[in-house]
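# Observations on the model geometry
Now for the letters of each chain:
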Amino acid sequence: MGEAFTLLGFGPEGWGHALLTAGLTTLAVSACAFACGLVLGTLCAWAKIAGPAALRRAADIYGVVLRGIPDLLVIYLFYFGGRQIVTAIANQFGHTGPVEISGFVAGSLAIGLISGAAQAEVLRGAFHAIPSGTLEAARVTGMRRWTMFRRIIAPQALRTALPGLGNQWQSVIKESALVSVTGLVETLRAVSVAANSTELPFLFFLAGGAIYLAITTVSGLVFRIAEWRAMRGQPAMRVGG
Amino acid sequence: MDLAFIAAVFPKLLAGLPLTLSLAVLSLSGGAILALLLSGLRASSWLGAQFANFYVYIFRGTPLLIQIFLIYYGLAQFPALRHSLLWPLLREPYVCAVLALMLNDAAYTSEILRGGLRAVSSGAIEAAKVAGMSRPTMLRRIVLPLAFRQALPAYGAEVTSMVKATSLASVVTLMEVTGLARAEVSQSYRAIEVFLCAAVIYLVLVTLITRLVHWLEDRLSTHRSPALDRSPA
Amino acid sequence: MKITRSSFLTLGLGAAAGLVFGTAPRSASAKEWKVIRVATEGAFPPYNMHAPDGRLIGFEPELLQELSARMNIKCEMIAQAWDGMIAGLTDGKYDAIMDAVSITPKRQEVIAFSTPYAAAPSGLAIMKDGAIKSLPGTGTRIQLADEAATKAAVEEMAKPLAGKTIGVQVATIQNDFLTRYLKDVVTIRTYSSGPDTFLDLKSGRVDAVMASAINLNASAKKSNGEMIASGYVFAGGLLGQGSAVGLRKSDPELKELFDKALKSVAEDGTLKRLALKWFEIDITPAL
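Residue positions are counted from 1 within each chain, in the order its sequence is given. Starting at A for chains and at 1 for ligands, labels are handed out in the order in which the entities are written. This being a predicted model, a pLDDT of at least 70 is required before a residue's local features are given, and a value of 80 or more before pairs of side-chain atoms are given or counted; all residues contribute to the totals for chains, interfaces and linings. The basis for every side-chain value is the complete set of non-hydrogen atoms in the structure, without hydrogens or water.

Chain B appears in an unreviewed UniProt entry as Octopine/nopaline transport system permease protein from Bosea psychrotolerans.

Just so we agree on the cut-off: UniProt positions are given in the numbering used here, feature names are shortened, and annotations may be inferred rather than shown by experiment.
An unreviewed UniProt entry lists chain A under the name Octopine/nopaline transport system permease protein, from Bosea psychrotolerans. Here chain A is described in UniProt, under the heading Sequence similarities (unreviewed entry), as follows: "Belongs to the binding-protein-dependent transport system permease family. HisMQ subfamily."

Written out as structure tokens, the structure is:
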């Protein structure tokens, strides 16, 4: 037991610092991925609701493909192929030579891409849950589209979407563990290295599990509070999917 | 794109499909049984409900990959376990992978089941009670079928996500589709072509399953009466 | 230039990409190497491994430091998974790899190699109280070029190994060796990382592990005598011509720089000193 404390601690023989840094990397990758997913998801939700036919079709295909491929393969494809795509774009822009794309960037983008497909569905559902009356009222008062989006649609939809987005954030954290296959030292990679080095896999994988559990639990609470605040003063509303 | 290379890779990867499917089928069936047990536990007592909640909390709060590593490498660390009767089973990477996938699936499925059960109307239950059905009969003929229909869309998503999750079994030396793809990449050094081939295999598989679930949803829809079914299309 | 809608889009995307990835344009024509990235696994003791504080330590990180000073290039070492490491090099993720990578004809089709800096034979490790009690030929080195001796040694080893499972890291020369010589006799189980093979040897999931003899000895030493290296060791042929820095074929100048620096560390005894420090034997190849 004492040995476990030494190994997980912050002393010279302890892996505490490495695990702490790795935990923060997991948070950083997840945050970037979630932001990517939110942007993509919003664009896709818009394309599906109000976009031109071609864009709607593109958004549909994106959703079907991303939900049909294992996350691990999406990350591999992004890790190995992402650079070529980005380089091709950069070269069009007048850039010569390759553009670096690190494990961090590849991982965040790949998970963002996966999460974007799911977030699009959450946001679309939230949009449809907006009572059509409020939209009509806004239109009647002569609101411009952007004003309407900002003042009517976004606040209402976001409130309805919060639980779904919270779930997506939890998924993103768990998916971020897969980025370890690219060699990026996030939580899972760090505990694997420690497990191999000390030959104590149980201790370190358990510690890794605890780190993820801590992150998901705390951020779950944050989302719960956000939901509660968003719902304040609102009549109880059933959220339809 | 080198078509000859891709044509050579496809059959190599398809050789892993039976293993992928058997992992998915076994862990889904095991997961479903465990989920039913968890639901029973939840209904049984306060303590049982706490245990079930804790189980779901742990397995949904951590990545599947770490669960697989913990079961495969973690458990093997204990000499007592290695000398126990369970070892001939836990020694096998296949058993460890199925165990991890199954335990994980049970957590998600039990939540889906909970949602489905909550949606069964009290009217249906009352009607069954009035008709004099015993509790097991009611469960078997009224509650579970209704809950199943209600939970079907969510469960369909869980089935496809488990099929995709089997790709993680490759980290414990299993040569299913993804495992074969990874081996092929390290032999041929051509990552994108090989992983794209693997992606296509999963995409087709998942699309087929999604279609099947939609078909099943249609069949089991309450608004479709048997009489309509028999009418010419 | 007429700005069409699509080129405008690419322009925008390119600008966005530039913002996101912090474009560090490396001009393709004039190659003045100032900073390079070198990939290693950080999981192949004592060649390379992670210290508890996350630093990469071992023979190769220290050798790279020496080479870096002599080439006057800043070398940044990064940890990567082994499977996909060569693909990542050709793909341009990093400029060199140092991960006890042996020179083999098959790899030479895809990447270039510097002159070798270490040459170790390959062998097997077993558990003292495992399913295989011992293997014949311990202490004898077989050159694969000697076909008769190889055949005799493999046949002798095949008897105690028959029906057993051997763990090996995927896409390594040892993996090739097992596939070529023992495929019909044993079950080969491949792992994406080396240390995992030893974990499974310890737990009894595999009965033997094949790896570089240096790697085996390091693991055996750590196991307090539970794990032992046993049987013939093999070298040459498909087991390659020693470990070298892996480079892209399109960077001959970089290869030249590495070759020169390697020659310099070999001549002034630095290479030998590092080998003795980390391997406890001199495995520097005759250059």
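### What to know about the side chain of Asp95 of chain C
Worth spelling out the cut-off: Strands are runs of DSSP state E lasting at least 2 residues, helices are runs of H or I lasting at least 4, and numbering of each runs from the N terminus. Polar contact criterion, stated in full: a pair of N or O atoms within 3.5 Å, where within protein one must be able to donate a hydrogen and the other to accept it, and residues adjacent in sequence count only if both atoms are side-chain atoms.
Relative to the elements of secondary structure, Asp95 of chain C occurs in the loop between α3 (85–90) and β6 (96–97). A distance of 3.0 Å separates polar atoms of two side chains, one belonging to Asp95 of chain C and the other to Arg248 of chain C.

### Here we look at the layout of surface pockets
Our working rule: Of the grid points, spaced at 1 Å and generated over the protein atoms alone, those admitting a 1.4 Å probe that cannot get out make up cavities, while open sets with protein on both sides within 12 Å along at least five of seven lines make up pockets; any residue with an atom within 4 Å of a point is treated as lining. Grid points are joined across faces, edges and corners, and a volume is the space filled by probe spheres set on the points. Here the term charged refers only to Asp, Glu, Lys and Arg, the term nonpolar to Ala, Val, Leu, Ile, Met, Phe, Trp, Tyr, Cys and Pro, and the term polar to all other amino acids, Gly among them. Each domain's extent is set by a domain assignment, obtained either automatically or from a database.
One number sums up the size of the second largest pocket: a volume of about 990 Å³. Elements with a contribution of two residues or more to the lining of the second largest pocket: α8 (187–198) of chain A, α4 (64–74) of chain B together with β2 (43–44), β3 (48–50), α7 (194–203), α8 (213–222) and α10 (270–279) of chain C. Considering each element in turn, the lining of the second largest pocket owes the most residues, 7 residues, to α8 of chain C. Within the lining of the second largest pocket, the residues separate by chemical class into 24 nonpolar, 12 polar and 10 charged. Built from parts of two domains, the lining of the second largest pocket gets at least three residues from each of domain 1 (34–119 + 242–279) and domain 2 (122–239) of chain C.

### Examining the UniProt feature "domain: ABC transmembrane type-1" (unreviewed entry) in chain B
Using the residue numbers shown here, the UniProt feature "domain: ABC transmembrane type-1" (unreviewed entry) corresponds to residues 17–213 of chain B. Note that residues 17–213 of chain B is 83% helix and 0% strand, and that its end C-alpha atoms are spaced 20 Å apart.

### A closer look at the state of the cysteines
Put simply, the test is: By disulfide we mean two sulfur atoms from cysteines, separated by a distance within 2.5 Å.
Taken as a whole, this structure holds 0 disulfides over all chains when the rule is applied. As a non-bridged cysteine, Cys36 of chain A has Cys32 of chain A as the owner of its nearest cysteine sulfur, 7.0 Å distant.

### Some thoughts on a nonpolar patch on the surface
All names here are of chain B. The cut-off we apply is this: Like-charged residues are merged into a patch within 9 Å and nonpolar side chains (Val, Leu, Ile, Met, Phe, Trp, Tyr) within 5 Å, provided each residue has over 30% relative accessible area and no salt bridge. Accessibility throughout is a Shrake-Rupley quantity obtained with a 1.4 Å probe, and a residue counts as covered only by protein chains that appear here. Salt bridges are identified by distance alone: a Lys or Arg side-chain nitrogen within 4 Å of an Asp or Glu carboxyl oxygen.
A cluster of nonpolar side chains, namely Phe148, Leu212, Trp215, Leu216 and Leu220, defines an oily patch on the protein surface of about 490 Å² accessible area. The dominant element in the nonpolar patch, judged by the number of residues it contributes, is helix α11 (residues 191–219), at 3 residues. Structurally, Trp215 can be placed in helix α11.

### Re empty space enclosed by the protein
The tally for this structure, following the rule as stated, stands at 5 cavities of 30 Å³ or more. Reported here for the largest cavity is a volume of approximately 140 Å³. Lining of the largest cavity is provided by 16 residues; of these, Ser170 and Met175 of chain B together with Thr190, Tyr191 and Ser192 of chain C occupy positions nearest its centre. Elements that contribute at least two residues to the lining of the largest cavity include exactly α10 (177–188) of chain B together with β11 (187–191) of chain C. Here the lining of the largest cavity is composed, by residue class, of 7 nonpolar, 6 polar and 3 charged. Space inside the second largest cavity adds up to approximately 90 Å³. Forming the boundary of the second largest cavity are Ser186, Gln187 and Tyr189 of chain B together with Thr104, Lys106, Arg107, Ala171, Thr172, Ile173 and Asp176 of chain C. Listing elements by their share of the lining of the second largest cavity, those giving two or more residues are α10 of chain B together with α4 (105–108) and α6 (173–181) of chain C. Taken together, the residues of the lining of the second largest cavity sort by class into 3 nonpolar, 4 polar and 3 charged. Looking at which domains feed residues into the lining of the second largest cavity, each of domain 1 (34–119 + 242–279) and domain 2 (122–239) of chain C supplies at least three.

### A short note on the confidence of the model for chain A
Detail in the predicted coordinates should be disregarded across regions flagged by low pLDDT. The following threshold applies: Confidence of the prediction at every residue is given by pLDDT, a number between 0 and 100.
The predicted model of chain A has a mean per-residue pLDDT of 88, with 94% of residues at 70 or higher. When pLDDT is averaged over each element of chain A, helix α2 (residues 16–50) of chain A comes out on top at 95 and helix α4 (residues 71–92) of chain A at the bottom at 83.

### Focus: the UniProt feature "transmembrane region" (unreviewed entry) in chain B
Mapped onto this numbering, the UniProt entry gives "transmembrane region" (unreviewed entry) at residues 55–75 and 194–216 of chain B. The span residues 194–216 of chain B carries 100% helix and 0% strand; its end-to-end C-alpha distance comes to 34 Å.

### Describing the packing of aromatic side chains
Selection rule: Two aromatic rings from Phe, Tyr or Trp, using only the six-membered ring of Trp, form a pair when their centres are within 6.5 Å; if the ring planes differ by under 30 degrees the pair is stacked, by over 60 it is edge-to-face, and anything between is tilted. Only protein chains enter the accessibility calculation, which uses a 1.4 Å probe. A residue is then buried if its area is under 20% of the maximum for its type, exposed if over 50%, and partly exposed in between. For a lysine, the NZ atom is tested; for an arginine, the CZ atom; a charge sits over a ring if that atom is within 6 Å of the ring centre and within 35 degrees of the ring normal.
Per the counting criterion, the structure on display carries 21 aromatic pairs over all chains. Each ring, one from Tyr76 of chain A and one from Phe80 of chain A, has its centre 6.5 Å from the other, and the planes form 20°; the classification is stacked. Of this pair, Tyr76 of chain A and Phe80 of chain A both sit in helix α4, 4 residues apart, which is roughly one turn of that helix. Judged by its relative accessible area of 5%, Phe80 of chain A falls in the buried class. Members of the aromatic cluster, connected to one another through ring pairs, are Phe44, Tyr47, Phe59, Tyr117 and Phe279 of chain C. A cation over an aromatic ring shows up here: Lys93 of chain C above the ring of Tyr79 of chain A, its NZ or CZ 4.1 Å from the ring centre. Its end group placed over the ring of Tyr72 of chain B, Arg205 of chain C keeps NZ or CZ at 3.7 Å from the ring centre.

### Some remarks on the sheet that holds β3 of chain C
Residue and element names in this part refer to chain C. The following threshold applies: If DSSP finds at least two bridges between two strands, the strands pair.
Spatially, 3 strands are ordered β2-β3-β4 in an open sheet, and the strand pairing comes out antiparallel. In this open sheet, the two strands that pair with only one neighbour each are β2 and β4 (56–57). Here 2 bridges tie β2 to β3, and the two strands are oriented antiparallel to one another. In the sheet register, Phe44 faces β3, and the bridge partner there is Asn48.

### Some points on unusual backbone geometry
For the bond running from Pro45 of chain C to Pro46 of chain C, omega is 0°, close enough to zero to count as cis. Mapped onto the secondary structure, Pro46 of chain C falls in the loop between β2 and β3. The phi angle at Glu199 of chain A is positive, at roughly 55°, despite the residue not being glycine. You can call Glu199 of chain A buried: its relative accessible area is 17%. The phi torsion at Glu280 of chain C lies on the positive side, around 65°, for a residue other than glycine. Take Glu280 of chain C: it is sitting in the segment after α10.

### Regarding the pairing of strand β10 (residues 165–169) of chain C
Residues and elements named next belong to chain C. Where we set the bar: A right-handed crossover is one whose linking path, passing over the helix from the first strand to the second, runs clockwise when the strands point away from the viewer.
Most of β10 is tucked away: 5 of the 5 residues are buried. Burial along β10 is two-sided: the residues Thr165, Gly167 and Gln169 and Ile166 and Val168 are all buried. Taken together, the 5 bridges between β10 and β11 define a ladder with parallel strand orientation. Its bridge partner lying in β11, Gly167 is registered against Arg189. The parallel pair β10 and β11 is bridged by α6, and the resulting crossover is right-handed. Here β10 runs beside strand β12 (residues 208–212); their pairing, made up of 2 bridges, is parallel. Paired with Gly167 across the two strands is Val209, which belongs to β12.

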